[in-house]
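# Inside the fold
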Amino acid sequence: MKNFKSKLMVAAGICALAFGFQSCKPKNAGNAVSGDAAAKAYVAPGKYDGFYNFVSGGFSGQMSVYGLPSGRLLRVIPVFSVDPEKGYGFSEETKPMLNTSHGFVPWDDLHHEDLSQTNGVIDGRWIFANANNTPRVARVDLKTFHTAEIIELPNSAGNHSSPFITENTEYVVAGTRFSVPPDNVNGDVPINSYKKNFKGTISFISVDKTTGAMSIAFQLRCPGVNFDLSHSGKEKSSGWFFFSCYNTEQANTLLEVNASQRDKDFIMAVNWKKAEEYLKAGKGEKQTVKYVHNVYNENTHSATSEIKTEVIVLDTKTLKDICYFIPCPKSPHGCDVDPTGEYIVGSGKLAALIPVFSFTKLMTAISNKDFIGDYEGIPVVKYESALYGEVKKPGLGPLHTEFDGKGNGYTTMFVSSEVVKWNIKDLKVVDRQPTFYSPGHLCIPGGDTRSPNPKYLIVYNKITKDRYLPTGPELAQSAQIFDITGEKMQLILDFPTIGEPHYAQAVASDVIRSSSVKFYKLEENTSPFVSKGESESKVVRKGNRVDVYITAIRSHFSPDNIEGIKMGDEVYWHITNLEQDWDVPHGFAIKGALTGELLVMPGETQTLKWTPEKPGMYPFYCTDFCSALHQEMSGYVRVSPKESSTALLFSTGKNLPPNDSTIVKN
Ligand code: K7E
Ligand code: CUA
């Protein structure tokens with residue numbers, strides 16, 4: 001959202017004069033927390049939090065897991081970014097996860113998350129996330145909190161309107177932010193041919209009910225606009241999807257001005273059940289593309305990366321009745337659907353009101369063909385015919401809305417730095433509370449599902465002045481928790497976040513807790529490089545490739561003395577953690593390696609590739625404090641010149657025989 005800031009600040013100035021909105025910085029920043037707040041956020045040592053909160057890491061490419069209401073950071077899950085702390089993206093087994101059609105991409109920008117649902121309720125199985133820059137969608141398995149799968153999206157650029165799921169996780173849906181020429185045509189065209197050559201694409205990724213496996217079922221080819229955000233319909237509107245669209249001006253330069261011309265942009269309503277019918281009837285076109293599908297296997301403990309070459313595209317211009325545009329003021333960002341599925345809320349970044357659309361009215365308008373025309377062949381429904389009503393003077397710069405299931409919406413106001421609670425029926429503002437500062441997304445546990453759990457509201461801020469100790473030019477990003485059990489929202493805690501948070505989701509902890517994997521069973525480990533006991537540990541040379549099958553158990557490695565590695569060798573350290581107990585990882589580090597830690601879970605095998613740079617003695621050690629004798633958990637590798645005659649020897653617990661290094665001259 002930072003890119004919108006300057007425009008919004010300008011708008012703020014204008015609107016503050018015109019409407020007398022509050023200034024950007026709330027006045028009572030210092031003392032907004034009332035007396036009993038601390039008690040409400042307090043979770044005693046040794047007690048569990050009631051909720052998991054999954055917070056996007058933004059440009060850190062990761063997802064962090066907090067406990068609520070304590071705001072305690074529990075875990076960082078690497079998704080689209082390498083994580084040296086865990087070895088993700090450094091081990092040979094996890095490297096393929098970050099493979100794309102553009103090669104290995106070690107870092108991306110993660111904005112949105114969506115927890116899987118069954119019957120419109122969070123089922124705690126998976127959480128999906130988007131890579132914004134190089135378009136991808138990931139699935140994280142909540143049994144292990146590991147990234148299980150990543151699928152790349154062809155015909156897309158800036159995968160922002162993503163990922164949003166349907167009520168039974170039939171599909172994970174992703175809309176492209178940047179329209180671009182499709183991948184199978186020549187994209188080497190003048191930029192100013194936008195109107196002619198640029199297309200928007202929405203991907204429907206199917207999700208296997210049992211395994212969660214993703215595959216691109218079909219794509220919709222849409223007019224060239226910017227798809228910003230979306231949400232699926234629910235209950236009565238299930239079968240539909242809603243996308244906010246901006247840049248309906250189809251500008252290709254200085255969007256700040258040129259994409260803010262029209263008084264209204266659109267929300268695009270998509271009848272995906274209809275799209276499925278066309279797909280079944282064979283109306284899709286096969287398109288040659290190239291994208292990558294990466295899958296992590298929890299038995300081999302390794303990922304595979306496969307290149308795919310085809311998608312099926314449905315053209316929404318020729319296939320009628322899939323898409324409809326609803327005019328929506330003005331450059332809408334958030335597009336949120338209330339728990340009943342009746343109300344669709346568009347948050348126009350530059351609008352001084354919040355339009356709430358009625359699904360029932362929309363359906364009537366569509367069947368009556370109550371259109372004001374078409375936009376690139378797609379019917380445009382009359383604004384008033386789809387509108388339920390407008391929330392007047394809600395604040396400035398509305399971005400995102402969540403729901404409490406008790407008839408209220410909560411909308412963040414980026415410019416006026418507040419969160420505003422409003423009643424869905426009468427569209428009256430019920431309460432407003434300052435945030436510190438410039439909130440982006442917000443989250444109520446289950447707040448975008450049929451069944452919210454409205455105890456807390458968490459607001460994720462973009463700017464954090466005078467809330468935390470200074471840390472140089474950049475301050476910590478911040479989240480703020482409000483108790484929303486009463487009529488008024490009550491701020492109870494600030495906590496810092498990693499990267500820049502965008503969307504977040506939360507769920508009661510018991511939905512996930514009980515299914516947590518505690519360790520991997522060694523007997524189920526089918527890695528080709530596993531050693532299931534110390535007796536299987538070994539060092540094998542094949543040409544200049546050396547495979548070290550090494551085991552880790554408290555508190556030693558086997559083998560721990562290795563000689564006969566030579567310059568020019570590529571050494572693959574296959575570390576199997578023999579422990580069979582909860583929370584006993586071992587780490588592995590060797591001088592000169594690209595990471596100081598490869599973290600290996602009990603029962604798991606992970607591989608570090610290492611190429612020594614000069615002859616000498618190289619210690620290796622365990623990086624995870626695993627026992628009182630952790631510091632003893634170490635070993636030595638001797639590296640000899642390429643031409644030396646040093647024999648390849650290894651041992652544990654006894655000295656190697658004499659092994660002279662003589663240079664052999666050919
Ligand atoms: Cu509003 Cu990328 Cu969802 Cu940030 S986005 S806030
Ligand atoms: Cu194993 Cu420390």
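In short, a report on the structure. (Residues numbered from 1 in each chain as written. Chains lettered and ligands numbered in written order. Predicted model: local features only at pLDDT ≥ 70, side-chain atom pairs only at ≥ 80, totals over all residues. Heavy atoms only, no water.)

### Overview of the overall build of the protein chain
To be explicit about the condition: Only runs of H or I of at least four residues qualify as helices and only runs of E of at least two qualify as strands under DSSP, and these elements are numbered from the N terminus. Categorising residues by exposure relies on relative accessible area from a 1.4 Å probe, with only protein chains included: less than 20% of the type maximum marks a residue as buried, more than 50% marks it as exposed, and the intermediate range marks it as partly exposed. What makes two residues a contact is simply this: any of their non-hydrogen atoms within 4.5 Å.
On a plain count of helices and strands, the protein chain comes out with 8 helices and 45 strands. The principal-axis extents of the C-alpha atoms in the protein chain amount to approximately 90 × 60 × 45 Å. Split into buried and exposed, the 666 residues of the protein chain put 60% on the buried side. Of all intrachain contacts in the protein chain linking residues separated by at least 6 positions in sequence, the fraction that spans at least 24 positions is 63%.

### Quick look at the packing of aromatic side chains
For the record, the criterion: Only Phe, Tyr and Trp rings take part, Trp by its six-membered ring, and two of them pair if their centres are within 6.5 Å. Stacked means planes under 30 degrees apart, edge-to-face means over 60, and tilted covers everything else. We call a charge positioned over a ring when the NZ of a Lys or the CZ of an Arg lies within 6 Å of the ring centre and within 35 degrees of the ring normal.
Tallying each qualifying case throughout the model produces 31 aromatic pairs. Seen from their ring centres, Phe242 and Phe359 are 6.4 Å apart, and the 85° between their planes marks the pair as edge-to-face. Note that Phe242 is positioned in strand β15 (residues 240-246) and Phe359 in helix α6 (residues 359-367), a separation of 117 residues in sequence. Side by side, Phe242 and Phe359 carry an identical accessibility label, which is buried. Connected via pairs of aromatic rings, a cluster forms that spans Tyr171, Phe204, Phe218, Phe227, Phe241, Phe243 and Trp272. Positioned above the aromatic ring of Trp582, the side-chain terminus of Lys518 is 4.8 Å from the ring centre. The positively charged end of Lys538 is found above the aromatic ring belonging to Tyr549, 4.7 Å away from the centroid.

### Some thoughts on the pattern of salt bridges
The condition is simple: Any Lys or Arg side-chain nitrogen found within 4 Å of a carboxyl oxygen on Asp or Glu counts as a salt bridge.
Tallying each qualifying case throughout the model produces 27 salt bridges. For Lys95, the salt bridge identified is with Glu92, shortest N-O distance 2.7 Å. Looking at Glu92, the relative accessible area reads 26%, which means it is partly exposed. Close ionic contact of Glu277 with Lys274 constitutes a salt bridge, the shortest N to O distance being 3.5 Å. Note that Glu277 and Lys274 are positioned in helix α5 (residues 272-280) at a spacing of 3 residues, about one turn of the helix.

### Remarks on empty space enclosed by the protein
Here is the rule: Here a cavity denotes a set of grid points, spaced 1 Å apart and computed over the protein atoms alone, in which a 1.4 Å probe fits but from which it cannot get out, and a pocket denotes an open set meeting protein on both sides within 12 Å along at least five of seven lines; residues with an atom within 4 Å of a point are reported as lining. Grid points are joined across faces, edges and corners, and a volume is the space filled by probe spheres set on the points.
Summed over the entire model, instances satisfying the criterion amount to 6 cavities of 30 Å³ or more. When its volume is computed, the largest cavity comes out at roughly 250 Å³. Taken together, 17 residues make up the lining of the largest cavity; nearest its centre are Lys86, Tyr88, Thr94, His146 and Glu604. Residue contributions to the lining of the largest cavity peak at 4 residues, all from strand β3 (residues 72-78).

### Some details on the sheet that holds strand β2 (residues 62-68)
Which entries qualify depends on this criterion: Between any two strands, at least two bridges found by DSSP are needed for them to pair. Only the contacting stretch of a helix is used when fitting its axis, a line to C-alpha atoms as for every element, and angles between N-to-C directions run 0 to 180 degrees.
Taken in spatial order, the 4 strands make up an open sheet running β3-β2-β1-β34, and their pairing is antiparallel. Because the sheet does not close on itself, it has two edges, and the strands there are β3 and β34 (504-508). Between one strand axis and the next, the sheet turns through 20° on average, direction left out of account. As defined by bridge partners, β2 adjoins β3 across 6 bridges and the pair is classed as antiparallel. In the strand pairing of β3, Gln62 is matched with Pro78.

### Focus: the nonpolar core
Basically, it comes down to this: Think of a nonpolar core as a cluster: buried Ala, Val, Leu, Ile, Met, Phe, Trp, Tyr and Cys residues, connected wherever their side-chain atoms sit within 4.5 Å.
Formed by 53 residues in total, the largest nonpolar core has its most connected members in Phe54, Trp573, Phe588, Ile590, Trp610 and Val637. Those residues in contact with Val637 that lie beyond four places of it in its chain are Ile562, Ile565, Trp573, Ile590, Trp610, Gly616, Met617, Tyr618 and Phe620. Core analysis: the next-biggest nonpolar cluster, separate from the first, contains 29 residues, Phe164, Ile202, Phe266 and Tyr375 among them.

### Overview of α5
Going by this rule: Here, the arc refers to the directions that run from the helix axis to the C-beta atoms. A 3.5 Å cut-off defines polar contacts: any pair of N or O atoms within that distance qualifies, except that in protein one atom must be a possible hydrogen donor and the other a possible acceptor, and neighbouring residues in sequence count only when both atoms are side-chain atoms.
Of the positions making up α5, those classed as buried are Trp272, Ala275, Glu276 and Tyr278. Along α5, the residues classed as buried sweep out an arc of 160° about the axis, all on the same side. Of the surrounding secondary structure, the elements contacted by the buried residues of α5 are β11 (171-175), β12 (200-207), β13 (214-222), β15, β16 (265-271) and β18 (302-315). For α5, the side-chain oxygen to backbone nitrogen distance between the N-cap and Lys273 is 3.3 Å, and the N-cap itself is Asn271. Of the residues one or two after α5, Gly282 is the one with positive phi, at around 75°.

### Section: unusual backbone geometry
Backbone torsion omega between Ser162 and Pro163 reads -15°, so that peptide bond is classified as cis. The residue Pro163 is located in strand β10 (residues 161-165) in this model. Backbone torsion omega between Pro329 and Lys330 reads -20°, so that peptide bond is classified as cis. Tracing the backbone through its elements, the reader meets Lys330 in the loop between β19 (323-328) and β20 (332-337). For Lys393, which is not glycine, the phi torsion reads 45° and is therefore positive. In this fold, Lys393 is placed in the loop between β25 (387-392) and β26 (398-403). Its identity as a non-glycine residue notwithstanding, Asp466 has a phi of 40°, on the positive side. The topology assignment puts Asp466 in the loop between β31 (456-461) and β32 (477-483). Residue classification places Asp466 among the exposed residues on the basis of a relative accessible area of 52%.

### A word on the site of ligand 1
For clarity, the cut-off: Whether a residue is near a molecule or strand is decided by its heavy atoms; if any one of them lies within 4 Å of it, the residue is near. Here the term charged refers only to Asp, Glu, Lys and Arg, the term nonpolar to Ala, Val, Leu, Ile, Met, Phe, Trp, Tyr, Cys and Pro, and the term polar to all other amino acids, Gly among them.
Around ligand 1 sit 11 residues, and of these His111, His112, His160, His441 and His502 come closest. Residues of the shell around ligand 1, tallied by class, amount to 2 nonpolar, 8 polar and 1 charged.

### Here we look at the pairing of strand β17 (residues 285-297)
As defined by bridge partners, strand β9 (residues 146-152) adjoins β17 across 3 bridges and the pair is classed as antiparallel. The residue bridging Ile150 from the neighbouring strand is Asn294, located in β17. Of the strand pairs in this sheet, β17 and β18 are connected by 11 bridges, and their pairing is antiparallel. The partner of Glu285 across the bridge, within β18, is Val313. Taking the residues between adjacent antiparallel strands as the criterion, β17 and β18 are bridged by 4 residues, where His301 takes a positive phi near 55°.

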